[in-house]
Amino acid sequence: EVDQEATAVSSGVVSATDTRAEVLVFVNQETTAATTGARSVQRNRLVVSLVRQDGAWTVAGVTALG
């Protein structure tokens, strides 16, 4: 069994208009093996595309950066 937890540690707006936005999100993903307790942390970057619909921002897509 493996436990995983992801935490957004920071974010910043890449571009934005009144109806669309792209946000760069830095995410730490921690994985822990239940049997050994071995732990690893991966630091990931995601570009989250947002669109404004009915006054609320919704996620239109997510792209992982290498």
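Here we summarise the structure given alongside this text.

About the thresholds
- Residues numbered from 1 in each chain as written.
- Predicted model: local features only at pLDDT ≥ 70, side-chain atom pairs only at ≥ 80, totals over all residues.
- Heavy atoms only, no water.
- Pairing = 2+ DSSP bridges.
- Helix = DSSP H or I, 4+ residues; strand = E, 2+ residues; numbered from the N terminus.
- Axes fitted to C-alpha atoms, helices over the stretch in contact; angles between N-to-C directions.
- Polar contact = N/O pair within 3.5 Å; in protein donor to acceptor, adjacent residues only side chain to side chain.
- Contact = heavy atoms within 4.5 Å.
- Core = buried A, V, L, I, M, F, W, Y, C linked by side-chain atoms within 4.5 Å.
- Buried < 20%, exposed > 50% of the residue type's maximum accessible area, 1.4 Å probe, protein only.

As for the sheet that holds strand β2 (residues 20-33)
- Taken in spatial order, the four strands of this open sheet run β1-β2-β3-β4, and their pairing is antiparallel. Each having just a single partner strand, β1 (2-16) and β4 (56-65) make up the two edges of the open sheet. Across the sheet, the mean angle separating the axes of adjacent strands is 30° when strand polarity is ignored.

Focus: the side chain of Thr31
- Relative to the helices and strands, Thr31 resides in strand β2.
- A polar contact of 3.3 Å, which involves the side chain of Thr31, links it to the side chain of Gln4.
- Among residues more than four places away in sequence, those in contact with Thr31 are Val2, Asp3, Gln4, Ala38, Arg39 and Ser40.

Describing the environment of Ala56
- Mapping Ala56 onto the fold places it in strand β4.
- The sequence separation of Ala56 and Val9 amounts to 47 residues, and the corresponding C-alpha distance is 23 Å.

Focus: the pairing of β4
- The pairing of strand β3 (residues 39-53) with β4 spans nine bridges and is antiparallel. The residue of β4 that forms the bridge with Arg45 is Leu65.
- Two successive antiparallel strands, β3 and β4, enclose a turn made up of two residues, where Asp54 displays a positive phi of approximately 55°.

Section: the nonpolar core
- Grouped together as the largest cluster of nonpolar side chains are six residues: Ala21, Val23, Val25, Val27, Val48 and Leu50.
- Among the elements of the structure, β2 and β3 are those that each provide at least two residues to this core.
- With four residues, the single largest contributor to this core is β2.
- Every residue in contact with Val25, bar those within four places of it in the chain, is listed here: Ala8, Ser10, Ser11, Asn44, Arg45, Leu46 and Val48.

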